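# Per-entry structural report
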Amino acid sequence: ISKTPTPGALDTIIVPDQNLKLDVIKRFEFIHSRASMSVAVRDPRDGHVHVFVKGSFEKVKEHLDSTTVPGDYIYAANRMARQGGYVLAVGHRDLGDISVDEMEHWTRDDMENGSELVGFIVFKNMLKEDTPEAIRKLKNGSTRTIMITGDTALTGVFIGKQAGLMSEEATVYLGDVNKAGSITWVDVDREEEVDASEIEQVISGSVDYDVELAMTGKAFNLLIEQDQIRRYILFTRVFARMLPTDKLAAIQYFMERGITAMCGDGGNDTAALRAAHVGIALSDAEASIVSPFSSSDHSINSCVELLIQGRSALATSLAGYLYLILYGQTMTFLKIWSFYFSLSASNNIWIWIDAFINTLMSICVS
């Protein structure tokens, strides 16, 4: 990027191999509500302005020219998401030779609508080696572990099974909002719709097989509107396509049911990290500023360590409190006994009390 942009351009990008300078004349940054970003670039060779848009494949599809979108667009994206891929769609639009002044008051939709599909960019979500073991330790410590992510639900389910949030053999029912505005539940593996009565059995605990629920941000918000989310919150393992406000709301609903910790590493996690009973930032970025705790190794093992330290501190505090009560009661009884029989304890008795009774009392309360 050139230190001295071309007049009228936001930035000037230098392509050394082709001795070419591209002027960025308009840019719309990433926002969570649209899950996309776009940029307009002028090619000096012909003066044409090219618009490039990238983001989640569902959102970008809304702005693409339908004639350029293949029939298996969603199927192909979901297939890669099922394999743990983070799928982004890329669109392109040639605006021709247009001046900056003409585009000055353009809205984001004016610039992005009618783009042609370029293709998908797929990132592989790789687990850290210590993540499954850390999740296992948390679950063994009677801690319910869930995932709240901005990624697609299928990617979240794949990563959740790899990480040990749920078993590999677990049946997962995914809830999403259909075109009619109601929630439809689908078996992720069989890709078949699940009857609502089956979901009722799941949340009532009357099923005899390993099943987990997952839901999208749209389904989550619809359940909030219907005042039904509290019935589902403790039975849902993966919350996907969640906005920062959705993450905050989910944490608040969990906080109604018990002590809740939240770990995250991005700017979209900051509100939830700040609201949770315990917030753990796994990065040195903005998340670490608002979070009460931050980790230098950026590992889920930090959650295990914090849980151990927290429970140890609580146990120590309670043991100290019990010790003071028992010691006070013991000394009170000894004084009453001494006054009643007009006796006075010798030095040897006090040594025996300090050496044995206090030691035994410490062992008992710990």
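None of these values were measured; they are calculated from a predicted model.

With that out of the way, let us pick up the overall build of the chain. Helix and strand counts for the chain come out as 14 helices and 15 strands. Computed over the C-alpha atoms, the radius of gyration of the chain is 30 Å, more than 25% above the 21 Å expected from 2.2 N^0.38 for a compact globule of 366 residues. With respect to the three principal axes, the spread of C-alpha positions in the chain is 110 × 60 × 35 Å. Considering the chain as a whole, with its 366 residues, one finds that 39% of them fall into the buried category. Accessible area for the chain stands at about 20,800 Å²; split by element, carbon and sulfur atoms hold 56% of it. Computing the positive centroid from 33 side-chain charges and the negative centroid from 48, the chain places the two 4 Å apart.

So, about the packing of helix α8 (residues 217–225) against helix α10 (residues 244–255). Closest axis-to-axis distance for the α8/α10 pair is 11 Å, and the angle between their directions is 55°. Put simply, α8 runs oblique to α10. Note on packing geometry: the crossing formed by α8 with α10 is left-handed. Note on element contacts: α10 touches α8 through Asp-246, Ala-249, Ala-250 and Tyr-253, opposite Gly-217, Phe-220, Asn-221 and Ile-224. Considering only residue class, the contact of α8 with α10 consists of five nonpolar, two polar and one charged.

If you trace the backbone, Arg-34 turns up in the loop between β2 (20–31) and β3 (36–42). Residue classification places Arg-34 among the buried residues on the basis of a relative accessible area of 19%. For the pair formed by Arg-34 and Gly-84, sequence separation is 50 residues and the distance between their alpha carbons is 22 Å. Apart from the residues within four sequence positions on either side, Arg-34 is in contact with Lys-59, His-63, Arg-108, Asp-109 and Glu-112. Of the polar contacts made by the side chain of Arg-34, one reaches the side chain of Asp-109; its length is 3.0 Å.

This part covers the pairing of strand β5 (residues 85–96). Across the twelve residues of β5, nine count as buried, placing the element largely inside the fold. The pairing of β5 with strand β6 (residues 116–124) spans eight bridges and is classified as antiparallel. By the bridge assignment for β6, Gly-85 is matched with Lys-124.

As a packed pair, helix α13 (residues 301–340) and helix α14 (residues 347–365) sit with axes 10 Å apart at the nearest point and diverge in direction by 145°. Like other packed secondary-structure pairs, α13 and α14 cross with a definite hand, here right-handed. From α13, Ala-319, Leu-322, Tyr-323, Leu-326, Tyr-327, Thr-330, Met-331, Leu-334 and Lys-335 reach across to α14, where they touch Trp-350, Ile-353, Asp-354, Ile-357, Asn-358, Met-361, Ser-362 and Val-365. For the contact of α13 with α14, the class distribution of residues is twelve nonpolar, three polar and two charged.

Since there are 3.6 residues in each turn of an α-helix, residues three or four apart along the chain are aligned in direction. Listed in full, the buried residues belonging to helix α5 (residues 131–140) are Thr-131, Ala-134, Ile-135 and Leu-138. On an axial view of α5, the arc spanned by its buried residues comes to 100°, and they lie on one face. Contact partners of the buried residues in α5: α6 (153–163) and α13. Looking one or two places after α5, you find Ser-142, whose phi comes out positive at around 60°.

Another aspect to go through is the pattern of salt bridges. Overall, the coordinates contain 17 salt bridges when judged by the stated rule. In this structure, Arg-27 engages Asp-11 in a salt bridge whose closest nitrogen and oxygen atoms are separated by 2.6 Å. Of this pair, Arg-27 sits in strand β2 while Asp-11 is found in strand β1 (residues 11–15), placing the two residues 16 residues apart along the sequence. Taking the shortest distance from any N to any O, the salt bridge between Glu-192 and Arg-190 comes out at 3.5 Å. Ionic contacts of the salt-bridge type, sharing partners, join the residues Arg-34, Arg-108, Asp-109 and Glu-112 into one network.

This paragraph deals with the sheet that holds strand β13 (residues 261–264). The pairing of strands in a sheet comes from backbone hydrogen bonds and takes either a parallel or an antiparallel form. A sheet is described by the order of its strands in space; here three strands give the open sequence β13-β14-β15, paired in parallel fashion. The open sheet has two free edges, formed respectively by β13 and β15 (293–294), since each of these has just one partner strand. Sheet topology note: the β13/strand β14 (residues 278–281) ladder contains four bridges and is parallel. The partner of Met-262 across the bridge, within β14, is Gly-279.

Bringing the sheet that holds strand β11 (residues 211–216) into the picture now. The sheet built from six strands is open, its strands ordered β7-β12-β11-β8-β9-β10 with mixed pairing. At either margin of the open sheet sits one strand with a lone partner, and together these are β7 (147–148) and β10 (192–194). Both strand β9 (residues 183–187) and β10 contribute to a ladder of three bridges, which runs antiparallel. Its bridge partner being in β10, Val-186 is matched across the sheet by Glu-193. In the packing of helix α7 (residues 196–204) onto the sheet, contacts are made with β8 (171–177), β9, β10 and β11, and the angle to β11 comes to roughly 115°.

Definitions and limits used
Residues numbered from 1 in each chain as written. Predicted model: local features only at pLDDT ≥ 70, side-chain atom pairs only at ≥ 80, totals over all residues. Heavy atoms only, no water. Helix = DSSP H or I, 4+ residues; strand = E, 2+ residues; numbered from the N terminus. Rg over C-alpha atoms; globule rule 2.2 N^0.38 Å. Buried < 20%, exposed > 50% of the residue type's maximum accessible area, 1.4 Å probe, protein only. Areas by Shrake-Rupley, 256 points an atom, 1.4 Å probe, with all protein chains shown as cover. Lys, Arg positive; Asp, Glu negative; His and termini not counted. Charge placed at Lys NZ, Arg CZ, Asp CG, Glu CD. Axes fitted to C-alpha atoms, helices over the stretch in contact; angles between N-to-C directions. Parallel < 35°, antiparallel > 145°, perpendicular 65-115°, else oblique. Left-handed = near helix turned anticlockwise from the far one by under 90°. Contact = heavy atoms within 4.5 Å. Nonpolar A, V, L, I, M, F, W, Y, C, P; charged D, E, K, R; others polar. Polar contact = N/O pair within 3.5 Å; in protein donor to acceptor, adjacent residues only side chain to side chain. Pairing = 2+ DSSP bridges. Arc of directions from axis to C-beta. Salt bridge = Lys/Arg side-chain N within 4 Å of Asp/Glu carboxyl O.

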